[in-house]
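A look at the structure
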Protein chains: 2
Amino acid sequence: MNGAQALIRTLADSGVEVCFANPGTSEMHFVAALDSVPEMRGVLALFEGVVTGAADGYARMAGRPAATLLHLGPGLVNGLANLHNARRGRTPVVNVIGDHAQHHKAVDAPLESDIDALTGWTGGWSRTCVDPAKIGADAAEAVAAAAEGRIANLVLPADVSWGDGGVAANPVPPRGKSTVEDSTLAGVAEVVRSGESTVILLGGASTRERGLRAASRIAAATGVRLFVETFPARIERGAGLPAVDRLGYLAEQVQWQLTDVRHLVLAGAKAPVSFFAYPGKASELTPDGCATHLLADHADDVVDALERLADLVAEGVEPVLQNASRPELPAGPLTPQNWTEVIGALLPEGAIISDEANTSGLMIPMTTAGAPRHDVLTLTGGAIGQGLPVAVGAAVACPDRPVICLQADGSAMYTISALWTMARENLDVTTVVLNNRAYAILRMELTRVGAEAAGPKAKALLDLAAPDLDFVRIAEGMGVPATRATTAEELAEQFSRAIAEPGPHLIDAIVPSLI
Amino acid sequence: MNGAQALIRTLADSGVEVCFANPGTSEMHFVAALDSVPEMRGVLALFEGVVTGAADGYARMAGRPAATLLHLGPGLVNGLANLHNARRGRTPVVNVIGDHAQHHKAVDAPLESDIDALTGWTGGWSRTCVDPAKIGADAAEAVAAAAEGRIANLVLPADVSWGDGGVAANPVPPRGKSTVEDSTLAGVAEVVRSGESTVILLGGASTRERGLRAASRIAAATGVRLFVETFPARIERGAGLPAVDRLGYLAEQVQWQLTDVRHLVLAGAKAPVSFFAYPGKASELTPDGCATHLLADHADDVVDALERLADLVAEGVEPVLQNASRPELPAGPLTPQNWTEVIGALLPEGAIISDEANTSGLMIPMTTAGAPRHDVLTLTGGAIGQGLPVAVGAAVACPDRPVICLQADGSAMYTISALWTMARENLDVTTVVLNNRAYAILRMELTRVGAEAAGPKAKALLDLAAPDLDFVRIAEGMGVPATRATTAEELAEQFSRAIAEPGPHLIDAIVPSLI
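Residues numbered from 1 in each chain as written. Chains lettered and ligands numbered in written order. Predicted model: local features only at pLDDT ≥ 70, side-chain atom pairs only at ≥ 80, totals over all residues. Heavy atoms only, no water.

Looking up chain A in an unreviewed UniProt entry gives the name Acetolactate synthase-1/2/3 large subunit, with the organism given as Actinokineospora cianjurensis. Reading the Sequence similarities (unreviewed entry) entry of the UniProt record for chain A gives the comment "Belongs to the TPP enzyme family." (UniProt positions renumbered as here; feature names shortened; annotations may be inferred.)

With that settled, the discussion passes to a nonpolar patch on the surface. A cluster of nonpolar residues, L362(A), L514(A) and I515(A), forms a patch on the protein surface that exposes about 260 Å² of accessible area. Among the secondary structure elements, L362(A) is positioned in the loop between β12 (352-356) and α13 (364-367). (Patch = residues over 30% accessible without salt bridge, like charges linked within 9 Å, V, L, I, M, F, W, Y side chains within 5 Å. Areas by Shrake-Rupley, 256 points an atom, 1.4 Å probe, with all protein chains shown as cover. Salt bridge = Lys/Arg side-chain N within 4 Å of Asp/Glu carboxyl O. Helix = DSSP H or I, 4+ residues; strand = E, 2+ residues; numbered from the N terminus.)

This paragraph deals with the relation of the copies chain A and chain B. Relative to chain B, chain A is turned by 180° and slid 0.0 Å along the rotation axis, the superposed coordinates differing by an RMSD of 0.0 Å. Both copies are brought into coincidence by an operation consistent with a two-fold rotation axis. Relative to the rotation axis, the C-alpha of I474(A) is the closest in chain A, positioned 2.2 Å from it. Comparing interface residues between copies, 100% of those in chain A also sit at the interface in chain B, which points to an isologous, same-surface contact. (Least-squares fit on C-alpha atoms with pLDDT ≥ 70 in both. Contact = heavy atoms within 4.5 Å.)

A few words now on the UniProt feature "domain: Thiamine pyrophosphate enzyme N-terminal TPP-binding" (unreviewed entry) in chain A. Sequence positions flagged by UniProt for "domain: Thiamine pyrophosphate enzyme N-terminal TPP-binding" (unreviewed entry) are, in local numbering, residues 1-106 of chain A. The annotated region residues 1-106 of chain A carries 47% helix and 19% strand content, and the separation between its end C-alpha atoms amounts to 28 Å.

Moving on, we come to the packing of helix α8 (residues 182-192) of chain B against helix α11 (residues 302-313) of chain B. All names here are of chain B. Where α8 contacts α11, the axes come no closer than 10 Å and their chain directions differ by 55°. By the criterion of interaxial angle, the relationship of α8 to α11 is oblique. In this structure, the crossing between α8 and α11 has a hand that is right-handed. Residue-level inspection shows D182, L185, A186, V188, A189 and V192 of α8 in contact with α11, the latter providing A305, R308, L309, L312 and V313. (Axes fitted to C-alpha atoms, helices over the stretch in contact; angles between N-to-C directions. Parallel < 35°, antiparallel > 145°, perpendicular 65-115°, else oblique. Left-handed = near helix turned anticlockwise from the far one by under 90°.)

Time to look at the sheet that holds strand β7 (residues 198-202) of chain A. Residue and element names in this part refer to chain A. Taken together, 4 strands build an open sheet; the order of strands is β8-β7-β10-β11 and the sheet is parallel. Edge positions in the sheet fall to β8 (225-228) and β11 (291-296), since each of these pairs with one other strand and no more. Neighbour to neighbour, the strand axes of the sheet diverge by 25° on average, direction disregarded. Pairing of β7 with strand β10 (residues 263-267), which is carried by 5 bridges, proceeds in the parallel orientation. Residue pairing in the sheet places T198 in a bridge with H263 of β10. (Pairing = 2+ DSSP bridges.)

On to the side chain of T207(A), then. Residues and elements named next belong to chain A. Note that T207 resides in the loop between β7 and α9 (209-222). Residue class for T207 comes out buried when judged on its relative accessible area of 1%. Once you skip the residues sitting within four places of it in the chain, T207 turns out to touch L202, L212, V228, P232, R234, I235 and E236. (Buried < 20%, exposed > 50% of the residue type's maximum accessible area, 1.4 Å probe, protein only.)

Attention now goes to the side chain of T230(B). Residues and elements named next belong to chain B. Topologically, T230 is positioned in the loop between β8 (225-228) and β9 (235-237). Only 3.4 Å separates the side chain of T230 from the backbone oxygen of G248, close enough to count as a polar contact. Excluding residues that lie within four positions of it along the chain, T230 makes contacts with R246, L247, G248 and Y249. (Polar contact = N/O pair within 3.5 Å; in protein donor to acceptor, adjacent residues only side chain to side chain.)

Written out as structure tokens, the structure is:
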């Protein structure tokens, strides 16, 4: 067995059964070795940003990491933006980064670069494999490290990949979450019972059913309010689950949501900060005079903590569950609101929404709140170009669930080739492109940062018209059937048809810009 | 004047008159300031890999840097692959990398990351602007640093951009090239006159007319042979110029080209190394027993050195110039060879070729050798996805010259949104996609690295069919008129029409894979 075979054997034995890949010459032995491990599925993407974003989406839904296969430093850099998002969402990812053979690095061949600087940037766990005999142990440790919610980077020199004497290893048990101390729970129990205005901010694993139910019991019993962090990696919601609003994107929204709050309890979330800085405005959004209390951080078992807290303060109290409720199907030309009503009215049972709708999606949380139970995967790190790749990964992880990708036009173009992978793998993804022909969010931000009145050159840099992007042709060019909707009726008809048919579809929804 | 205005004023005064941009919120003051400096042109690209590749192509043709505008760490990472190529080609680029306001960095907002790790990776000159009063000086030094053939990174915190009291600065004269010592010239003169088998390897500025003419005189007078480095940033060639072959991409080709060579003279080029490592094969390709002699490195004035060397050893000898000569227009279904004959037969006068044809382009140097004078820009660093962006930049730099982008299909998908910028700016670029529906080079490499016989999973990762990419629809979706060619006659007709009409065109040339 060579190094690559031992590596893949170990990954599969450790529960990593999908490898999203865009290989190059230095990865050819890894590619050849894929066929030696029947459990490992290889999924080709045409750009590394799709590879890493798909690994992120896969892990959010599967609850275990996928591997990526990246070609040297330049392949890794192309995947870094979506690794940034995975890092912010604490999603496990195992990167296999091919490198030149060890003896070849000193000659500074054209593709040579400082890979360590890049793996360091991901803020995760990193190791360079140096011996086929140890490669299995390296891989098993990488998977265990990733399971802690980190990026794990395995740098694989070509000679270690092709070298004989590869040894696979058994899985390494991941370090589990820490249990929150009783004394911490008692302190927070006192806060939530205080009668003072209190918010529990939910993040991490607490935005899934168990955490939400426990939090809802606490709120029902004590009157505290709940919010979910602005960009959760995965939130379960819809009819039959507690409905919890997310903190807003804009600092002004958060300040309004937290008005007069005296206690902020952090349950797997960080204290809120402004996404960007604005002249004369605060960066930290916890109100003055509000005390912050840490119930659980990302290393703690936040769900257990919430359940124990609920048992302390809400014994016998049931969670408040969202009723089934859908908007009426609207009519007329598409607007920033009515397209979200169409989705709310027609969202299929068990859907997974990959949400990168940005400004066009402001209303989507409201109009889907009472839809059948579904998951929402959001843009955790703000690096655009995540929506389509995350949809790919979610669909690979959950082949029996419909995936809905709500995708802003400008962001779509970052990783548009994800459509090809949807077609190649026949993934059941319905992509709705919100095509407002602008970087609308930047039009808003140009005003918000207090920049002078924009001139024609400034405006041109925020404008995606001239020429208009035709996502129908782009999608068809990559093998995805596509249609265009300009009215709510068309969107409803096309969306219904798309979700009724298996396989990928795209709808180019021409929506006016909010701004 | 705020910091951003002072920065842009200084860039323009220093000769930087184009800014390829993909901005975000933290760059809004820079965007707003563009209209305050009439000389500065803003060019929007839909992905940072297009931004940086366009800046590379621009500088290769304009001989001076463009600026880029990139959004924080995640925007920079998306542009790093083409900055890697620019670094390898020693192309000057001035990156303006927006950052959070200085007071905002400590709150670790979602888009926060270690920008210094990334600018360090580019191996260039880097500085963070900290004061609007010093921003002009920072910018002037950045341009001077870039002029040495480096990436210059200016990190621009939002508060420095919006801060009052911006001060523009005068240009800083760039440090010029070093003059090669007479003693070095005398030593090399002895080598080239020795009568022993000698090769002069040309790189850097020596692949332009003056350097090629001087080198050709030396060769004609002494019998030494000439080669150009494998991937020159820019080579001038065609009828009326000396024709110099490039070293091959494959190690075996280089070894054959350098068989029995006893002296290798380096003129702005590095000694050849294998692009990748292969089991049991050499990394360094200079033959055993061959002495290497440095005439000029990248910091030296290599053109002056060659001209002085020619005066020493080739007084009165004229260069050998390529005759005008074109292939016959071929007929029949497209083949890996005949499409290059079509280009050779029809290449317009003064063309700029952005060449990322990869395996499909093996014959193009031969079939265009006697075409009208033209420039070729190659993939200097091996990071794919450069061809289309470099074509954008070259067309912005040289609006009166036809740009021909010869683009492999797999690589095209990395930065496909460059087509939109071609349409938006109405750039005179004719893109010929060599659509062989495979990562053909990897099929070849899979064999060359000695990997076991590929199984179905391995083969699938090298295959771009199922579904086929339809570049006609993709291009039309981005506003570029497009046609498909399957025969040499169709390609000839479509190529003739495309170059006769101003503005962008794309031809999806269905070419069988070599492998």
